[in-house]
Structures are given as C-alpha cells and as structure tokens.
Amino acid sequence: LVAQVRLGETHMVITLTDGRMLASGDNKFGQLGDGTEVSPDDLVFVSPKGVIAPVTVFTSGYFHTLALDASGRLMAWGDNSVGQLGNGVSISQSVPSSASGLTGVTQIASGNYHALGLLGDGTVRAWGYNGNGELGDKSDAQVRTGPVVVKGLAGMKRVAAGGYSSAALDASGKLWTWGSNYNGQLTLPEDVYRTDTPTLATGLPTLAEVSVG
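Everything in this summary refers to the structure shown in the same document. All values derive from a computational prediction rather than experimental measurement.

### Observations regarding the overall build of the protein
Next up, step 1: A count of helical and extended segments in the protein gives zero helices and 16 strands.
Next up, step 2: Radius of gyration (C-alpha) of the protein: 17 Å, near the 17 Å computed for a compact globule of 213 residues.
Next up, step 3: The principal-axis extent of the C-alpha atoms belonging to the protein is close to 45 × 30 × 30 Å.
Next up, step 4: By the burial criterion, 51% of the 213 residues in the protein qualify as buried.
Next up, step 5: Once local pairs closer than 6 in sequence are excluded, the contacts in the protein between residues at least 24 apart make up 45%.
Next up, step 6: Summed over all atoms, the accessible surface of the protein reaches about 9300 Å², with 53% contributed by carbon and sulfur.
Next up, step 7: Positive and negative charge centroids in the protein, built from 13 and 18 side chains respectively, lie 8 Å apart.

Shown next, in the form of structure tokens:
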C-alpha cells in the first residue's frame, strides 16, 4: 500500500507502508535513486543503500529527491549540479547519499534547485542554488554545496521552498520570506525584486501552515 507520494518536474517518488520506496519517470540525473541513469518503463525500487527504513519524510525538487530516514539522517539523490543534494560536492548521485554535517533535522523542503532543513532547535539550514537569495545566508555566493545557516531565524516550526523562493513560519504563526519576489510572492513591495535575508511579512493573521509554489 502507498503511504506517501511526491512529484518532481519529470519524476515521481512514493513510499510504501512497508518502508520501501518506488520511483518512476525520467532518470537522466539519477533522480529515481535506483543506481542507474536509465529511464524505466515502469516503477523501480529506490536503492536501500545507506537508508535505514522507513523513510519518515521526503520531498522532491526539480530533478532530485530528499528524504529523512528512520535514524534521522538526511539522504538525497538525483541532480546535484548546483549542490542541491547538500553533500559538499556538485556531482549527481543515482543512489541515496548523506547530506553534509546535518543532524537533528525535523522537516525538509525543496525548491527547483535549492533545499531547506528545519532543525529541532528551530533554526534553518539551506543549500543549493542561491542566485535569487533563496538560501537566506546574506551572501553573494551563487552556489552552496553544503548547508549554511539561514540568517536571523529562530523558533521556526515550518519551512517551505518554491521555485526560487523560501519561507518559514515561527512558533507564533508569523511568516518569514526570502529569495525571488519578481511576482510579489514574498508579500514584499513590488519594487523589491529579491531579498537574501528573511523578512517578516506584514498584514497577515496568525498562520498554521505555509506552502510555496
């Protein structure tokens, strides 16, 4: 039986109630995690290499997948051209590999080419592409292959990532946003096209959840 399902741009990943993972679709970056870069005609099993089942949380980016396994480790596979797997290199992986130096991760979110990890202490880490400030580390670095601290955030309870934007909810239900604002998605003024540090959204009621397209 299927427990969870997530869609990337051209691939799908599902978890079964017995803890195994299946994937289908395009596999040119190894995003199906079966140890190949061959696109199958049917579902294939994600390699169990390095993964302690069951996977508790997972999310798909454009051409990659992130997952938290039963031991609390963050695993990632697929396209890694801009460090979106967070393992310290920029080489794509066709089997799950551990993200660098991350422990205590409770929630993950993935945009097109970047990702966020919420830690148990309420702080946030980010990695991958940073061309629009979506990592929130207040730097001009275009790429971060390993996790960096998102500046100015504490006491967070939710994170979300979209194409080139990021968001987080704090424990009081206030929304913080950063990254691209070319379509006003950060609730910032229209003449602010991007921000590389989290900014408090104003004029909103107390929120319970957040999702970014």
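### Considerations on the sheet that holds strand β12 (residues 143–149)
Within a sheet, each strand pairs with its neighbour through backbone hydrogen bonds, oriented either parallel or antiparallel.
Next up, step 1: Ordered in space as β9-β10-β11-β12, the four strands form an open sheet in which the pairing is antiparallel. Since the sheet does not close on itself, it has two edges, and those belong to β9 (105–110) and β12, each with one partner. Within the sheet, the average angular offset between the axes of one strand and its neighbour, ignoring direction, is 15°.
Next up, step 2: Sheet analysis places strand β11 (residues 124–129) next to β12, joined by four bridges and oriented antiparallel. Across the sheet, the residue bridging to G128 is R144, located in β12.

### Thoughts on the environment of G33
Next up, step 1: Position of G33 among the secondary structure elements: in the loop between β3 (21–25) and β4 (44–45).
Next up, step 2: By relative accessible area, G33 is classed as buried at 0%.
Next up, step 3: Placed 164 residues apart in sequence, G33 and T197 show a C-alpha to C-alpha distance of 33 Å.
Next up, step 4: With sequence-adjacent residues up to four places away left out, G33 is seen in contact with N27, V46, S47, W77, S94, V95 and P96.

### A word on the nonpolar core
Next up, step 1: L116, V124, L153 and V159 are the most contacted members of the largest nonpolar core, which has 13 residues in total.
Next up, step 2: Among the secondary structure elements, those contributing two or more residues to this core are β10 (114–119), β11 and β13 (156–161).
Next up, step 3: The dominant element in this core, judged by the number of residues it contributes, is β13, at three residues.
Next up, step 4: With residues up to four places along the chain from it excluded, the contact list for V124 reads L116, G117, L118, V148, V149, V150, L153, M156 and V159.

### Details of the sheet that holds strand β16 (residues 194–200)
Next up, step 1: Read from one edge of the open sheet, four strands run β13-β14-β15-β16, paired in antiparallel fashion. Lying at the two open borders of the sheet, with one neighbouring strand each, are β13 and β16. On average, adjacent strands in this sheet sit at an angle of 10° to one another, irrespective of strand direction.
Next up, step 2: With five bridges connecting them, β13 and strand β14 (residues 165–170) associate as antiparallel partners.

### Digging into unusual backbone geometry
Next up, step 1: Its identity is not glycine, yet K138 carries a phi of approximately 55°, on the positive side.
Next up, step 2: Within the secondary structure, K138 is located in the loop between β11 and β12.
Next up, step 3: Notably, T187 is not glycine yet its phi reads approximately 65°, a positive angle.
Next up, step 4: Residue placement: T187 occurs in the loop between β15 (175–180) and β16.

### A word on the packing of aromatic side chains
Next up, step 1: One pass over the full model with this rule turns up five aromatic pairs.
Next up, step 2: Judged by centre distance (6.3 Å) and plane angle (75°), the rings of Y129 and Y164 are edge-to-face. You can see Y129 sitting in strand β11 and its partner Y164 sitting in the loop between β13 and β14, a full 35 residues away along the chain.
Next up, step 3: Classification of Y129 as partly exposed rests on a relative accessible area of 24%.
Next up, step 4: Seen from their ring centres, Y182 and Y193 are 5.3 Å apart, and the 20° between their planes marks the pair as stacked. A residue pair is termed long-range when its members are at least 10 positions apart, and Y182 in the loop between β15 and β16 and Y193 in the loop between β15 and β16 qualify at 11 residues.

Criteria and thresholds
- Residues numbered from 1 in each chain as written.
- Predicted model: local features only at pLDDT ≥ 70, side-chain atom pairs only at ≥ 80, totals over all residues.
- Heavy atoms only, no water.
- Helix = DSSP H or I, 4+ residues; strand = E, 2+ residues; numbered from the N terminus.
- Rg over C-alpha atoms; globule rule 2.2 N^0.38 Å.
- Buried < 20%, exposed > 50% of the residue type's maximum accessible area, 1.4 Å probe, protein only.
- Contact = heavy atoms within 4.5 Å.
- Areas by Shrake-Rupley, 256 points an atom, 1.4 Å probe, with all protein chains shown as cover.
- Lys, Arg positive; Asp, Glu negative; His and termini not counted.
- Charge placed at Lys NZ, Arg CZ, Asp CG, Glu CD.
- Pairing = 2+ DSSP bridges.
- Axes fitted to C-alpha atoms, helices over the stretch in contact; angles between N-to-C directions.
- Core = buried A, V, L, I, M, F, W, Y, C linked by side-chain atoms within 4.5 Å.
- Phe/Tyr/Trp six-rings, centres within 6.5 Å; stacked < 30°, edge-to-face > 60°.

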